[in-house]
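# Residue-level structure breakdown
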Amino acid sequence: MEEQVYRPKSHWFLFFAGVILPAISITVEASTHICAQEFFDPLPSTWHLLIVVFVPLAQLQVWFAIRRGSPEGLRLAGFVNAAVIAISFFYSIVYLPILPIGVLAVAFVGLGLLPLAPYFSLVAAIVMRYKLTQIAATRANKAFSVKVAGLLVGIGVAITAIGLIELPATLTRIGLQKAASLSPQTRAEGIRFLRRYGSNDALLRSCYNQTGSATDLLGYVFSIENPITPEEARKVYYRVTGESFDASAPPERIGGGRIVPQETFDFDSDQGGTEIRGKLRGLSLGSSQITATVDGNGAVGYMEWTMVFQNQSKGQREARAEVQLPPGAVVSRLTLWVNGEPREAAFAGRGKVRQAYQQVAIRQRRDPVLVTTAGRDRVLVQCFPVPISGEMKIRVGITIPLLLEDHRTTALIMPHFLSRNFRIPDGVQHSVWVESTNEMKWNHLYDPEQSPNGAFAYSGAIADSELSQYESSIKITRNTFDQMWSENRFEPNFVIKQTITEQTPTHLQRIVIVVDTSESMSKWGPDIVSAINTGVPDDFDLKLVFAETDGAYAGGATEMYVADRNEMWHSFQSAEFSGGADNVPALRKAWALAAEKPGNNAIVWIHNPQGLLLGSVDELKQHWDQGVYGPTLYSLQTTNGTDEIMKQLDGFNEVKSVTRTADLAHDLQSLLARLTGKEKTLQMVRTVVKRDENLDLAKVIKTSDHLARLWANDEVARILAPRDASLEDEAVTLAAHYQLVTPVTGAVVLETEQQYRANGLEPVDAGIVPTIPEPEMVVLLIVAGAFFIWIAYMKYRKSGSGRCTV
């Protein structure tokens, strides 16, 4: 057969449509993410970027083959051309939703050509295919390989590559649909499916606001009838991984098109709210200073935590942090520096101060700071705006009851961050200065020195990661005084009396232990069993409840009776610790078990912090609302972090947080021993007494007037205990009068007097707020005092000498 001669042409249209336009489109999208910002992300991963970059490169190779017009090397050209056809066809389907917009936008500086690039590329690839067949026709023995074998193999390889790239996202979408089902059985199957086959990265992407179908066509078709919201995806993510979505490094790009760095967020979706979701770019803690004065004999202290926030981003930021307070402590001062001058807070009803904060911070964008409670012994601190390339300085004053370890030893537990939306740079440490009337020891750091005035003082620095460790507590010795008193500056005709008593829980007949079965809890099994064996008598009524992790049961928890300790150990060995457990159903089951027997029984909840609320806690609230003498819940966290369930139970006196002072086994054993009466509990009882009534002040040691604030805090809890709405105003009035942040009150600092008046608030007089002299000022006062004593002594000597010579 005579060979035909193929005469090449310029084919500049094919070069533009198949090479230049796709290359420009890919470059623009990869660098600016225009499509991702407005519609969907066509390049959600590196693999997607590689296959689209392959298109212009392959088209260029084919274009050169056509230009040469030689039948040599057509097998490779035919293969890559077929792959380009498949890839271009795939992206043509992906871009269908914005095809009309691209057509209409062609007239605007040619920008409309970018979303049309897949279609131009597809047309160019088909035309190139035709040209290749023309060249192959010049040799009959080559035509079959180019027309059939090259086409099928190329398309097959491209489809396989696309399928493998999209498979994790598709499987994740399928599993996500099942995991968000209303059927408990289907939901459990979906969670197990995602743990086995799902992609954590794809699941994490679904936790953010998304638009469009992106590139996961099959998964999109599967979920188009019942799309999963980001809120639902976040719950599933926790169930699957055991972590809150914001605790994981966010993906480089999310479906909504925002570019998110691996360590920080660049946007704040809850500005002025109470949620803390990841770290904000450019926002950091510039410095931190903790100063405290404590009275070991009076078992009371006061601490001020001064923080300076810095903002190196391009926009104003709101700093938010949840802070763990020492046990029983209460915020009693809040200060904000405005133009270099300190401004004191107003204390008022919780809703009133939050409304004022949102009005001034979010709407007027001025300089307020707000503190409200966020659970037992926890507060939420937020301030706005931290200015661009500037800083914001605040101070939180905390009145502290020292923790009684025994009659001769107390402990000062350090406050620390549970969660925050700002970074703490590696070089930033907390500067600590503590002064005590009694000898103290800080096991974690250096020993303190005795100051010239006879007090003991410590100064040093500690990293944030170490501040939350139980080794950071300061041990303070005390004399064996069981009674103490203080002035009451808020009610001068009364004094506050505090008595240390030994108590054992009365009418406690049953303890129900709830164990969180999240994956991160698996390592604590031996410690829990050991603590139960040593802390609970063999004949004590004890029940064990495991929280479930996949939602398979409508009740949400499985009840297990413990007949003997061997059975309990076997139950821990057979329990499934995986993903993230929902502890609310288990707590509901525990409440029912604890309430079966009369008496003030106990629930001991051992758990990791559950950073996401998976279900409503209203039933638990109703239980305590309806039963004044319901079971007491003791929350024992294994690790540091914020817990959303504890936040929801804020204000219930029956919900208590167990202070961590040692390892888990020791703290749990000590708690169980106190609950069962094996060990006595030292408790401080505070009462208000008239000055002239049955109180010989000469026989009772005097301590700081912070004792009055602690009494008021106790009184607020007593008023709120019956959960009578008509008594809430009384609790608000008392807490605001004593300048305290409680479950019904908060503290807010506004910038101007006009803002205070506009919101019906009155700031605290700076002359009556609790204070701590700066360490430098203490030294200065000591030196000045010594100087004046020396002057007086010299005058005395001079006058005495004069008398002798007369």
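Located above this text is the structure these notes cover.
Notes on the structure in this doc start here. (Residues numbered from 1 in each chain as written. Predicted model: local features only at pLDDT ≥ 70, side-chain atom pairs only at ≥ 80, totals over all residues. Heavy atoms only, no water.)

Spatially, four strands are ordered 10-11-17-14 in an open sheet, and the strand pairing comes out antiparallel. Each having just a single partner strand, strand 10 (403-406) and strand 14 (440-442) make up the two edges of the open sheet. For this sheet, the mean inter-axis angle between neighbouring strands, taken without regard to orientation, is 25 degrees. Pairing analysis gives three bridges linking strand 10 to strand 11 (residues 409-412), with the strands arranged antiparallel. Bridge pairing in strand 11 places leucine 403 opposite alanine 411. (Pairing = 2+ DSSP bridges. Helix = DSSP H or I, 4+ residues; strand = E, 2+ residues; numbered from the N terminus. Axes fitted to C-alpha atoms, helices over the stretch in contact; angles between N-to-C directions.)

With that settled, consider the packing of helix 8 (residues 184-197) against helix 11 (residues 230-241). The geometry of helix 8 relative to helix 11 is characterised by a closest axis approach of 9 Å and an angle of 65 degrees between their N-to-C directions. Like other packed secondary-structure pairs, helix 8 and helix 11 cross with a definite hand, here right-handed. Where helix 8 approaches helix 11, its residues Ile191, Leu194 and Arg195 are matched on the opposing element by Val236, Arg239 and Val240. Of the residues contributing to the contact of helix 8 with helix 11, the split by class is four nonpolar, no polar and two charged. (Left-handed = near helix turned anticlockwise from the far one by under 90°. Contact = heavy atoms within 4.5 Å. Nonpolar A, V, L, I, M, F, W, Y, C, P; charged D, E, K, R; others polar.)

Scanning the model with the defined rule gives 25 salt bridges in all. Note that arginine 320 is salt-bridged to glutamate 318, the shortest N-O span being 2.4 Å. The exposure class assigned to glutamate 318 is buried, which follows from its relative accessible area of 0%. The salt bridge partner of arginine 489 is aspartate 705, with a shortest N-O separation of 3.1 Å. Highlighted residues: arginine 489 in the loop between strand 18 (483-487) and strand 19 (494-503) and aspartate 705 in the loop between strand 27 (701-702) and helix 20 (706-720), separated in sequence by 216 residues. Judged by its relative accessible area of 41%, arginine 489 falls in the partly exposed class. By relative accessible area, aspartate 705 is classed as buried at 19%. Members of the salt-bridge network, linked through shared partners, are Arg510, Asp541, Lys543, Glu596 and Lys597. (Salt bridge = Lys/Arg side-chain N within 4 Å of Asp/Glu carboxyl O. Buried < 20%, exposed > 50% of the residue type's maximum accessible area, 1.4 Å probe, protein only.)

This part covers the side chain of asparagine 438. Along the chain, the position of asparagine 438 falls in the loop between strand 13 (430-436) and strand 14. The class of asparagine 438 is buried, set by a relative accessible area of 9%. Among the polar contacts made by the side chain of asparagine 438, one reaches the side chain of asparagine 297 at a distance of 3.0 Å. A polar contact of 3.4 Å, which involves the side chain of asparagine 438, links it to the backbone oxygen of threonine 477. Look past the residues within four positions of asparagine 438 in its chain and what remains in contact with it is Asp295, Gly296, Asn297, Phe456, Ile476, Thr477, Arg478 and Asn479. (Polar contact = N/O pair within 3.5 Å; in protein donor to acceptor, adjacent residues only side chain to side chain.)

Looking now at the packing of helix 20 against helix 21 (residues 728-737). One can describe the packing of helix 20 onto helix 21 by two numbers: an axis separation of 9 Å at closest approach and a directional angle of 175 degrees. In terms of orientation, helix 20 and helix 21 fall into the roughly antiparallel class. Residue-level contacts link Ala712, Glu715, Val716, Ile719 and Leu720 of helix 20 to Glu728, Glu730, Ala731, Leu734 and Ala735 of helix 21. (Parallel < 35°, antiparallel > 145°, perpendicular 65-115°, else oblique.)

A contiguous nonpolar patch, built from Phe16, Ile20 and Ile24 and spanning about 220 Å² of accessible area, is present on the exposed surface. Position of isoleucine 20 among the secondary structure elements: in helix 1 (residues 12-32). (Patch = residues over 30% accessible without salt bridge, like charges linked within 9 Å, V, L, I, M, F, W, Y side chains within 5 Å. Areas by Shrake-Rupley, 256 points an atom, 1.4 Å probe, with all protein chains shown as cover.)

Moving on, we get to the packing of aromatic side chains. Under the defined criterion, the tally for this structure stands at 13 aromatic pairs. Taking 5.3 Å as the distance between ring centres and 90 degrees as the angle between the ring planes, the aromatic pair formed by phenylalanine 90 and tyrosine 91 counts as edge-to-face. The burial state of phenylalanine 90 is the same as that of tyrosine 91; both residues are buried. The interplanar angle of 45 degrees and the centroid separation of 4.6 Å between the aromatic rings of phenylalanine 490 and tyrosine 738 together place this pair among those described as tilted. With a gap of 248 residues between them, phenylalanine 490 in the loop between strand 18 and strand 19 and tyrosine 738 in the loop between helix 21 and strand 28 (745-749) connect regions that are remote in the sequence. Like tyrosine 738, phenylalanine 490 is buried. Cation over ring: lysine 393 sits above tryptophan 337, and NZ or CZ is 4.3 Å from the ring centre. (Phe/Tyr/Trp six-rings, centres within 6.5 Å; stacked < 30°, edge-to-face > 60°. Lys NZ or Arg CZ within 6 Å of the ring centre and 35° of its normal.)

Just distances and angles here, no functional claims.
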